[in-house]
Amino acid sequence: MDSAFARARSRSMRFTVSLVYIFLSSITLTTFASIHIYDHEPFQEVGNAYLLAGGSEGIVAAFATASQGSSILDGNSYIQFENITFRRPKAAAKARGSVPVHIIIFESADRNDIGGSAYGGQRAICCTPDLAKMGVCKQGEIIRRPSATDINWPVVLDVQFKGKSVISSLVSQKVSIKKTGMYNLFFVACDPKLKDMVMSGKTIWKNPDGYLPGRMAPLKKFYVFMALAYIGLSIVWFFQYVRFWDDVLQLQHCITAVIALGLFEMILWYFEYVNFNNSGMRPIVLTTWVVTVGAIRKTISRLLILSVSMGYGVVRPTLGGLTSKVLLLGITYFLASELLNITEYVGTINDVSGRARLLLVLPDAFLDAFLILWIFTSLSRTLEQLQAKRSSVKLDIYRKFSNALAVTVISSVAWIGYEVYFKATDPFNERWQSAWIITTFWDVIAFALLCVICYLWAPSLSSQRYAYSEKVGEDSDDEEAQSLTKEKQEGQGELSLARQEKNVRTDGSFDQDDESEEEDKRE
């Protein structure tokens, strides 16, 4: 008895894990298109059913004033099926009668209304003989209970294989969305003879204002604000840059390049999302351009911070023997970041297994950690050198820079912890309406740190005081010391002249007294 219960419990656990894996793999489809295209997609065995994840997206309810037009801004929300075709092996087409394939759409909140078990054992998606005897469902169909909010949901559509036909198709149709939520689509086969079946076609997921998925829709507005922020920073910086062109340092040329790349990246992201919203697809060329510019900007930004921390142009005129190491690190970081971004945004994430994705994430994370360690080590040495040289102006700037960098690192670590917590506590992505904040934080904090660098190293008439100089004591402390020495010497000179005048006056008075005494004697 105990062994049978243990086996049933083990099968139930395997079923749950498999279902969660299939569910999460469907969620990843939302990152790439609101038009999901299927090309001979196979089914996977989960419990007593064969499943194919069709997608998962956050959809906003249709507007009350929605029109019946065909414009993407008509206010309608729906999931549309086009050219959905199922193909089964010829060996499975020998039996007579009809064999159904089920298409189920449900909201994440109603996921427990799909499937069940007779006596608390293994949870099944398709109706079992025991459940059929109890009158809960019909054998060979999906176990479905009406939603607490709408008895018509979850929606189940059936496609029948009739007779010995090898191909069965679904008539093109739309399923309207009247409630805001995270919706999931699965293709389910309960007949074991359909385990080798494949499916082709496409589904179109539409929100009231376009094809952009609900979780990504706020990003279009976000990149508008980020582009405006970069434009404002560019105007201020380039005004100073042109005004004091003769005093511009090499470091300030690098800052200019980072600002230009950041502005270009934000504009590209905006147009990429506009195109995505209008067409429902992401062109490979445009998306590749965006992620490449982003990878270049991230690489140059990190190398800029590293160079500043090493004292480039301030404590040392060049990086010397470290130049080759810094360039090698930059090239390595660019390649790692480019591969990761292309995998996430350009290709379909389902084509990369979990282990392959881990292999792409780990190098990027390792290089970031190594860069942070190198930056703070170099910054500590630069501060020591400035203290030894008594360079008060440069030391004050570097202390402010180190404080800003420390706040940035601490905030990043705290946000990573929050991101892990957010994803761990929301496996079914029910908080999709606020998920866009997770990715935008990194753009905001990078822009904030760039603003601090622009403020500390802004072009001005005194820009050359930041520059490297071989003279020891060329800063304000030594200038003050020299002025004090000059004043002291001048004071000592004035004091000696006063003493000489006093002596002259005293000698003169003595001579007058002697002359008067001699006159008295003569009289």
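Residues numbered from 1 in each chain as written. Predicted model: local features only at pLDDT ≥ 70, side-chain atom pairs only at ≥ 80, totals over all residues. Heavy atoms only, no water.

Further remarks concern the overall build of the protein chain. The secondary structure content of the protein chain amounts to ten helices and ten strands. Burial status across the protein chain gives 43% buried among its 523 residues. Accessible surface for the protein chain amounts to roughly 28400 Å². Of this, 59% is attributable to carbon and sulfur atoms. (Helix = DSSP H or I, 4+ residues; strand = E, 2+ residues; numbered from the N terminus. Buried < 20%, exposed > 50% of the residue type's maximum accessible area, 1.4 Å probe, protein only. Areas by Shrake-Rupley, 256 points an atom, 1.4 Å probe, with all protein chains shown as cover.)

Along the chain, Asn 48 turns up in the loop between strand S2 (44-46) and strand S3 (49-59). Accessibility expressed as a relative area gives 30% for Asn 48, which makes it partly exposed. Spatially, the C-alpha atoms of Asn 48 and Gln 122 are 9.7 Å apart, while their sequence positions differ by 74 residues. The residues touching Asn 48, leaving out its near neighbours within four places in the chain, are Ala 124, Ile 125, Cys 126, Thr 128 and Cys 190. Polar contacts involving the side chain of Asn 48 include one to the main-chain carbonyl oxygen of Cys 126, which spans 2.9 Å. (Contact = heavy atoms within 4.5 Å. Polar contact = N/O pair within 3.5 Å; in protein donor to acceptor, adjacent residues only side chain to side chain.)

All right, on to unusual backbone geometry then. Cis geometry is adopted by the peptide bond preceding Pro 154, which originates at Trp 153 and carries an omega value of -5°. Topologically, Pro 154 is positioned in the loop between helix H2 (129-133) and strand S6 (155-162). Although it is not a glycine, Asn 83 sits at a positive phi angle of roughly 55°. Locating Asn 83 in the fold gives a position in strand S4 (residues 78-87). Judged by its relative accessible area of 57%, Asn 83 falls in the exposed class. For Asn 429, which is not glycine, the phi torsion reads 60° and is therefore positive. Topologically, Asn 429 is positioned in the loop between helix H8 (392-424) and helix H9 (436-456).

In the structure shown here, the tally under the stated rule is eight salt bridges. For Arg 302, the salt bridge is made with Asp 368, and the minimal N-O distance between the two is 3.0 Å. Of this pair, Arg 302 sits in helix H5 (residues 284-309) while Asp 368 sits in helix H7 (residues 354-388), and the two are 66 residues apart along the sequence. According to the relative accessible area criterion, Arg 302 is partly exposed, its value standing at 25%. Overlapping salt bridges, with partners in common, bring together Glu 265, Arg 297 and Asp 443 in one network. (Salt bridge = Lys/Arg side-chain N within 4 Å of Asp/Glu carboxyl O.)

The subject of this paragraph is the sheet that holds S6. Taken in spatial order, the five strands line up as S2-S3-S9-S5-S6 in an open sheet, and their pairing is antiparallel. On the outer flanks of this sheet lie S2 and S6, each paired with one strand and no other. The average undirected angle you get between the axes of adjacent strands in this sheet is 35°. Note: strand S5 (residues 98-107) against S6, eight bridges, orientation antiparallel. Looking across to S6, one finds that Ile 103 is bridged to Leu 157. (Pairing = 2+ DSSP bridges. Axes fitted to C-alpha atoms, helices over the stretch in contact; angles between N-to-C directions.)

Below, the discussion takes up a nonpolar patch on the surface. Taken together, the side chains of Val 224, Phe 225, Leu 228, Ile 231 and Ile 235 define a hydrophobic patch exposed on the protein surface, amounting to about 480 Å² of accessible area. Mapped onto the secondary structure, Leu 228 falls in helix H3 (residues 217-243). (Patch = residues over 30% accessible without salt bridge, like charges linked within 9 Å, V, L, I, M, F, W, Y side chains within 5 Å.)

In this section: the side chain of Ser 77. In this structure, Ser 77 sits in the loop between S3 and S4. With residues up to four places along the chain from it excluded, the contact list for Ser 77 reads Ile 59, Val 60, Ala 61, Ala 62, Val 175, Ser 176, Ile 177, Lys 206, Asn 207 and Pro 208.

Turning our attention to the environment of His 36. Within the element layout of this structure, His 36 appears in strand S1 (residues 35-42). When its relative accessible area of 5% is taken as the criterion, His 36 is described as buried. It is 7.6 Å that separates the C-alpha atoms of His 36 and Gly 54, two residues lying 18 residues apart in sequence. In this structure the side chain of His 36 is engaged in a polar contact, spanning 3.0 Å, whose partner is the side chain of Glu 57.

Taking the numbering used here, the UniProt-annotated feature "transmembrane region" (unreviewed entry) corresponds to residues 15-38, 222-242, 254-271, 356-376, 397-416 and 436-458. Its end C-alpha atoms 30 Å apart, residues 222-242 is made of 100% helix and 0% strand. Taken end to end, residues 436-458 is 91% helix and 0% strand, and its first and last C-alpha atoms sit 33 Å apart. (UniProt positions renumbered as here; feature names shortened; annotations may be inferred.)

Before going further, it helps to spend a moment on the packing of aromatic side chains. Going through the model one piece at a time under the given rule, you end up with 20 aromatic pairs. An angle of 25° between the planes, with centres 5.8 Å apart, marks the rings of Trp 269 and Tyr 273 as stacked. Residue Trp 269 and its partner Tyr 273 are located together in helix H4 (residues 250-279), separated by four residues, close to a single helical turn. Across the pair, Tyr 273 and Trp 269 agree in class, each one buried. In this structure an aromatic cluster arises from ring pairing among Trp 415, Tyr 418, Phe 422, Phe 441 and Trp 442. Stacked on the ring of Tyr 78, the Lys or Arg Lys 174 has its end atom at 4.3 Å from the ring centre. (Phe/Tyr/Trp six-rings, centres within 6.5 Å; stacked < 30°, edge-to-face > 60°. Lys NZ or Arg CZ within 6 Å of the ring centre and 35° of its normal.)

Turning next to H3. Residue pairs three or four apart in sequence face the same way in an α-helix, which turns once every 3.6 residues. Over its 27 residues, H3 extends 40 Å from the first C-alpha to the last, a length consistent with the 39 Å expected when each residue adds 1.5 Å. Within the span of H3, buried status applies to Leu 219, Phe 222, Tyr 223, Met 226, Ala 227, Tyr 230, Leu 233, Ser 234, Trp 237, Gln 240 and Tyr 241. Those residues of H3 that are buried lie in contact with H4 and H9. (Expected span 1.5 Å × (residues − 1).)

Turning to the side chain of Asp 364, a few remarks are in order. On the secondary structure map, Asp 364 appears in helix H7. Buried and without a salt bridge, Asp 364 has Lys 298 as its closest oppositely charged side chain, separated by 4.6 Å. Here Asp 364 is in contact with Tyr 333, Ala 336, Ser 337 and Leu 340, once residues within four sequence places are set aside. (Lys, Arg positive; Asp, Glu negative; His and termini not counted.)

Glancing now at the state of the cysteines. Under the defined criterion, the tally for this structure stands at two disulfides. The disulfide partner of Cys 126 is Cys 190, and the gap between their sulfur atoms is 1.9 Å. One disulfide, between Cys 126 and Cys 190, carries an S-S torsion of -85° and so falls in the left-handed class. Within this pair, whereas Cys 126 is found in the loop between S5 and H2, its partner Cys 190 is found in the loop between strand S9 (181-189) and strand S10 (198-206), the two being separated by 64 residues in sequence. Owing to a relative accessible area of 3%, Cys 126 belongs among the buried residues under this scheme. (Disulfide = S-S within 2.5 Å.)

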